[in-house]
Amino acid sequence: MDSLGPNRFDIFEIYRQFCELRRGDTYVCGEEGYRQDEESQRAKYSRDRLNQLLKMVESRMHTRTAIFDELHKLMLQLDLTVDFSEFSCFYDFVFFMCRENGQKNITISRAVAAWRLVLAGRFRLLDKWCNFVEEYQRHNISEDTWQQVLAFSRCVHENLEGYDPEGAWPVLIDDFVEHMYRISGSNKDSNAFCCCVDSEPQLCAYEDTLP
Amino acid sequence: MVLHKFGEKLYSGLVTTMTAHLKEISKSIEAAQGNLFLEELNRKWNDHNKALQMIRDILMYMDRTYIPDTHKTPVHELGLNLWRDNIIHSGKIQSRLLSTLLELVHRERTGEVIDRGLMRNIVKMLMDLGSSVYQEDFEKPFLEVSAEFYRGESQKFIECYDCGDYLKKAEIRLNEEIERVTHYLDAKSEGKITNVVEKEMIANHMMRLVHMENSGLVNMLLNDKHGDLGRMYNLSRRVPNGLAMIRDVMTSHLRETGKQLVTDAESLKDPVEYVQRLLDEKEKYDGIISLAFSNDKTFQNALNSSFEYFINLNSRSPEFISLFVDDKLRKGLKGVSEEDVEIILDKVMMIFRYLQEKDVFEKYYKQHLAKRLLSGKTVSDDAERSLIVNLKTACGYQYTSKLEGMFTDMKTSQDTTQGFCSSHPELTDGPTLVVQVLTTGSWPTQPSITCHLPFEMSALCEKFRSYYLGTHTGRRLSWQTNMGTADIKAIFGKGQKHELNVSTYQMCVLMLFNNADRLCYKEIEQGTAIPASHLKRCLQSMACVKGKNVLRKEPMSKDIGEDDSFFVNEKFASKFYKVKVGTVVAQKESEPEKQETRQRVEEDRKPQIEAAIVRIMKSRKVLDHNNIIAEVTKQLQSRFLANPTEIKKRIESLIEREFLERDNSDRKMYRYLA
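What counts as what
Residues numbered from 1 in each chain as written. Chains lettered and ligands numbered in written order. Predicted model: local features only at pLDDT ≥ 70, side-chain atom pairs only at ≥ 80, totals over all residues. Heavy atoms only, no water. UniProt positions renumbered as here; feature names shortened; annotations may be inferred. Helix = DSSP H or I, 4+ residues; strand = E, 2+ residues; numbered from the N terminus. Buried < 20%, exposed > 50% of the residue type's maximum accessible area, 1.4 Å probe, protein only. Areas by Shrake-Rupley, 256 points an atom, 1.4 Å probe, with all protein chains shown as cover. Contact = heavy atoms within 4.5 Å. Buried area = accessible area lost by both parts, 1.4 Å probe. Salt bridge = Lys/Arg side-chain N within 4 Å of Asp/Glu carboxyl O. Nonpolar A, V, L, I, M, F, W, Y, C, P; charged D, E, K, R; others polar. Pairing = 2+ DSSP bridges. Disulfide = S-S within 2.5 Å. Axes fitted to C-alpha atoms, helices over the stretch in contact; angles between N-to-C directions. Lys, Arg positive; Asp, Glu negative; His and termini not counted. Polar contact = N/O pair within 3.5 Å; in protein donor to acceptor, adjacent residues only side chain to side chain. Core = buried A, V, L, I, M, F, W, Y, C linked by side-chain atoms within 4.5 Å. Phe/Tyr/Trp six-rings, centres within 6.5 Å; stacked < 30°, edge-to-face > 60°. Lys NZ or Arg CZ within 6 Å of the ring centre and 35° of its normal. Domains from an automatic or database assignment. Expected span 1.5 Å × (residues − 1). Parallel < 35°, antiparallel > 145°, perpendicular 65-115°, else oblique. Left-handed = near helix turned anticlockwise from the far one by under 90°. Patch = residues over 30% accessible without salt bridge, like charges linked within 9 Å, V, L, I, M, F, W, Y side chains within 5 Å. Charge placed at Lys NZ, Arg CZ, Asp CG, Glu CD.

Chain B goes by Cullin-3A-like protein in an unreviewed UniProt entry, where it is assigned to Gossypium arboreum. Among the UniProt annotations of chain B, the heading Sequence similarities (unreviewed entry) holds the following wording: "Belongs to the cullin family."

Structure, rendered in structure tokens:
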């Protein structure tokens, strides 16, 4: 953190710190009393650090709308196709960067824009998902929902195969699946539904993400 | 001879002689005509037995020494064997004996009287000759013939009798066969022959009997034919799956009629009638199960699950049950003995237990109880309390704590009012005030704006306030003018005196007319500050209801307009001295009100679900998604049926607020964050 100049906004540096915190590298254990519930202490510590980081980010950033440009810049530099855990970290970082004014959740418009940026080529139902969220969701997107969307995108095929109704998905995802079933049920020409997804150049990218 | 080693000669001599003799006998038996055949056989058998006994006595020595040494058949048994081989198994006799016996049974079945003594003797003979002889030479063919007989007969019966009569016939047949066995057959045959009858007469026709149009099980249930139902129960218990079939048919019928009952638009109009019909239905089936189905547990369970199924089909059931209780506790129980009250309330409790949404019931019950208590309309304090005790036993302490709080408030309010009156003795001539101090939270209060009370009243209220706060410091009193009542003495044009029982709002309006003859709507609204919707309703009840129209309005119409003017109705007349105006009787809720209550209930459930999740997670620390849902549902079952989606939403909200987190490696696992 100290390496940053007082007014510079360096997305790479922030991302580096974020990843470190996520991995728990910076946490120094050894003080007496910490051993008993080290786990929760560690979690609390990294939460605090993340909050500090967020405050710092906010203080440095003048035009928040440019955030997606910055993220895009970062995304091009990172080699996200190799390692899923790397991508997962980046995905969470995007949520982190989208948070405003210390709020825990992010607005729908931001979430949708962010999804379109990071999940492009990685989630075959991306378009439908974003449209659905824009149309039906009323509340902001929580971190849990954000993270679960990534898990959902990885285990569910475009025909919704692999979706388990008892799979502990957030309600928003359940609603989405139900919405999709309703559409495909009413629309007898189910081929059209599949085709439009296949025509996107998403197939190859999807395979790449597998570790 | 045995002593002289002639045992062998003696024995074979015996065999030859006896065989020859028996051949003779067999001829004479064969020669017997018609009915005499059995008699002859029986007589010869008796003779043979006697002779055999004597031979055995004479040859006793041989029996004791020679025969055991040479492993030959003892004399008596030898005699029986020879009888069997030469008489019973002799070609002509064997078949004739069998057909004669079966013929006799058949004749008895068709109503003729036969010589049962003779039958018994012959059958006894067969048994004496060994159980295999009895089984092979009589029992087996007997069962086969019986099966055929009953197959034919049941076919005939089922074509021409209805279900009830058929079952009667079957029962009679069954008893006849049992009786036959006790009279002249081997006791071991009972199970076998009843099996035959059960199979041929009941099991094979079960389906058709149960579903028989206009007389089958459904018809019996509809017409409370306890006798027939009992018969059906007892008979079908004898065949495999018989009871299960009856139970299934009863269940589906009950569910169907129950569903009709709870969805029938007609029965929804009157909540009291609706619940009464449910109670009647319950009583009817309780009667059937106890009288006809010998209190079979499995049938009781089927009954319970069916009621639970259809009562919850109608989301208004909780409201209606509470209204039913309200009706009973208001007026319905007058003149009814205490035991009867208990009985009715017990029955309602039975129905209440079937409710899944017990919290909705509580909500309505609280509202209705509040109205009863505040308007002093409850008939019996004991009945009220016993119901609360019942609810407590059914749902636990927490469920009724607020309801009990309401009773306590009533009691303390009485004391407080008394204390207030005795501390202000000067108040006895003026208007009196009865205050009910209600604990916030226990009562279903709505936030309400206090209206302008008439001067006399507000002064009184102020006095009470200072009295109350003088003894209870640190409390806050607010007046719920929307819930009170007042008794006013009024004198009309020709000097008619009446005592009017009105609500507080109505009292405020009427008091304005002490100083004015004519008031327009706006003036009244200004003078009282009663919210418009309430004011309109209260004016309507005083100016537009015949017999209660203490006010007169211009122009005359059914509805209250903003420009209407009001006068005291000088011509007001009533047969009674006391006139009740616009009583607050609990009514079925209107659609928007219902929606509102539903929403409030949903809101109230959220913290309960969250509390349940936290309770569970606190003890388990880590638990997977499906188990949380299952446990939460189970924990809340006694109050309401938690919706899985709602539970999920609560979990998400708890994750957001960092009470829980998902496991890093398994996203279906939740972890409790202390």
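**Some words on the overall build of chain A**
Secondary structure summary: chain A contains 10 helices and zero strands in total. Along its sequence from the N terminus, chain A presents helices and strands in the succession α-α-α-α-α-α-α-α-α-α. Evaluated residue by residue, chain A yields a buried proportion of 45% over its 211 residues. On chain A, roughly 11,300 Å² of surface is accessible, and the fraction owed to carbon and sulfur atoms is 49%.

**Notes on the interface of chain A and chain B**
Size of an interface, as often reported, equals the accessible area lost when the parts are brought together. Of the residues lining the interface, 17 residues belong to chain A; the matching set on chain B comes to 14 residues. Here chain A and chain B share an interface that buries about 1,300 Å² over both sides, 45% of which is from carbon and sulfur atoms. When the buried area of chain A at its contact with chain B is split by residue, A:Asp144, A:Ala168 and A:Val171 rank highest and sum to 38% of it. Here chain A and chain B share three salt bridges between them. When the shortest N-O distance is used, the salt bridge between B:Arg662 and A:Asp144 registers 2.6 Å. At the level of elements, helix 7 (143–155) and helix 8 (171–186) of chain A are the ones that each hand at least two residues to the side of chain A that touches chain B. Looking at the side of chain A that touches chain B element by element, the count peaks at four residues for helix 7 of chain A. When its residues are assigned to classes, the side of chain A that touches chain B shows six nonpolar, five polar and six charged.

**Some details on the pairing of strand 4 (residues 551–554) of chain B**
Residues and elements named next belong to chain B. Side chains Leu551 and Lys553 project from strand 4 onto a buried face, and the interleaved Arg552 and Glu554 project onto a face without burial. The pairing of strand 4 with strand 5 (residues 565–568) spans four bridges and is antiparallel. Bridging across to strand 5, leucine 551 finds its partner in valine 568.

**Considering the pairing of strand 5 of chain B**
On a regular strand, each side chain points to the face opposite its neighbour's, so the side chains alternate between the two faces of the sheet. Pairing of strand 3 (residues 518–520) of chain B with strand 5 of chain B involves three bridges; the strand directions are antiparallel. Bridging across to strand 5 of chain B, B:Arg518 finds its partner in B:Phe567.

**Overview of the environment of B:Ala292**
Residue and element names in this part refer to chain B. Position of alanine 292 relative to the elements: it lies in the loop between helix 16 (271–291) and helix 17 (297–311). Overall, alanine 292 belongs to the buried group, its relative accessible area being 5%. In the structure, alanine 292 is positioned 59 residues away from tyrosine 233 in sequence and 7.1 Å away in space, judged by C-alpha atoms. Beyond its immediate sequence surroundings of up to four residues, alanine 292 is in contact with His226, Leu229, Gly230, Tyr233 and Gly287.

**Section: the state of the cysteines**
Residues and elements named next belong to chain A. A complete count under the given rule lists zero disulfides over all chains for this structure. Here cysteine 98 stays free of any disulfide, with the sulfur of cysteine 130 as its closest cysteine sulfur at 12 Å. The class of cysteine 98 is buried, set by a relative accessible area of 0%. Of the cysteine sulfurs around cysteine 155, a residue in no disulfide, the closest is that of cysteine 130, at 17 Å.

**Overview of the sheet that holds strand 7 (residues 622–624) of chain B**
Residues and elements named next belong to chain B. Spatial ordering of the open sheet is given by 7-9-8, a layout of three strands whose pairing is antiparallel. Each of the sheet's edge strands pairs with one partner strand only, and the pair in question is strand 7 and strand 8 (660–662). Looking at each pair of strands side by side, their axes are set apart by 30 degrees on average, direction ignored. Pairing of strand 8 with strand 9 (residues 669–672), which is carried by three bridges, proceeds in the antiparallel orientation. Residue leucine 660 lies in a different strand from strand 9, and its bridge partner there is tyrosine 672. Of the strands in this sheet, strand 7 and strand 9 touch helix 28 (residues 625–636), which is tilted by about 90 degrees from strand 7.

**With respect to the side chain of B:Glu281**
Residues and elements named next belong to chain B. Within the secondary structure, glutamate 281 is located in helix 16. Although glutamate 281 is buried, it makes no salt bridge; lysine 284 carries the closest opposite charge, 6.1 Å away. If we skip the residues at most four places from it in the chain, glutamate 281 touches Leu254, Thr257 and Phe307.

**Some details on the environment of B:Arg598**
All names here are of chain B. Tracing the chain through its elements places arginine 598 in helix 27 (residues 591–620). Under the relative-accessibility criterion, arginine 598 is labelled partly exposed at 26%. Sequence separation between arginine 598 and valine 360 is 238 residues; the distance between their C-alpha atoms is 7.7 Å. Once you skip the residues sitting within four places of it in the chain, arginine 598 turns out to touch Ser315, Glu357 and Val360. At 3.0 Å, the side chain of arginine 598 forms a polar contact with the side chain of glutamate 357.

**Quick word on the nonpolar core**
Judged by nonpolar contacts, the single largest core of 77 residues is most densely connected at B:Phe293, B:Tyr365 and B:Leu391. If we ignore the near neighbours within four places in the chain, the residues touching B:Leu391 are B:Met349, B:Phe352, B:Phe361, B:Tyr365, B:Gly396, B:Tyr399, B:Thr400 and B:Leu403. The next biggest cluster of nonpolar side chains, apart from the first, holds 57 residues, and it includes A:Phe18, A:Leu71, A:Val112 and A:Val156.

**As for the packing of aromatic side chains**
Applying the stated criterion across every chain yields a total of 39 aromatic pairs over all chains. With 6.5 Å between their ring centres and 80 degrees between their planes, A:Phe152 and A:Tyr163 make a pair best called edge-to-face. With A:Phe152 in helix 7 and A:Tyr163 in the loop between helix 7 and helix 8, the pair connects residues that are 11 residues apart, well separated along the chain. Each member of the pair, A:Phe152 as well as A:Tyr163, is classed as buried. Just above the ring of B:Tyr309 sits the side chain of B:Arg255; from NZ or CZ to the centre is 4.6 Å.

**Observations concerning the domain arrangement of chain B**
Residues and elements named next belong to chain B. On domain assignment, one finds that chain B holds domain 1 (217–408), domain 2 (409–471), domain 3 (485–580) and domain 4 (593–672). Taking the mean C-alpha position of each, domain 2 and domain 3 sit 24 Å from one another. Domain 2 puts seven residues into the contact, and the matching count from domain 3 is 11 residues. Summed over both sides, the interface of domain 2 with domain 3 buries roughly 650 Å², with 71% coming from carbon and sulfur. Along the contact surface separating domain 2 from domain 3 lie zero salt bridges. Counting across the domain 2 and domain 3 interface gives one residue pair in polar contact (both at pLDDT 80 or more). Of the residues contributing to the side of domain 2 that touches domain 3, the split by class is five nonpolar, one polar and one charged.

**Examining helix 10 (residues 189–202) of chain B**
Residues and elements named next belong to chain B. Between the first and last C-alpha of helix 10 there are 19 Å, a value that for 14 residues agrees with the 20 Å anticipated at 1.5 Å per step. Along helix 10, the residues classified as buried are Ser189, Ile193, Thr194, Val196, Val197, Glu198, Glu200, Met201 and Ile202. Buried residues belonging to helix 10 abut helix 6 (91–109), helix 8 (131–160), helix 9 (163–184), helix 11 (206–210) and helix 13 (226–236).

**Things to note about the packing of helix 8 of chain B against helix 9 of chain B**
Residue and element names in this part refer to chain B. Two numbers describe how helix 8 lies on helix 9: the axes approach to 11 Å, and their chain directions differ by 160 degrees. The angle between the axes of helix 8 and helix 9 places the two elements in the roughly antiparallel class. The interaxial crossing formed by helix 8 with helix 9 has right-handed handedness. Of the residues in helix 9, those in contact with Phe142, Phe149, Tyr150, Glu153, Ser154, Phe157 and Ile158 of helix 8 are Tyr166, Lys169, Arg173 and Glu177. For the contact of helix 8 with helix 9, the per-class residue count stands at six nonpolar, one polar and four charged.

**Description of a negative patch on the surface**
Residues and elements named next belong to chain B. A cluster of acidic residues, Glu338, Glu339, Asp340, Glu342, Asp346 and Asp382, forms a negative patch on the protein surface. Considering every element that reaches the negative patch, the biggest residue donor is helix 19 (residues 338–354), with five residues. A relative accessible area of 55% places glutamate 338 in the exposed class.

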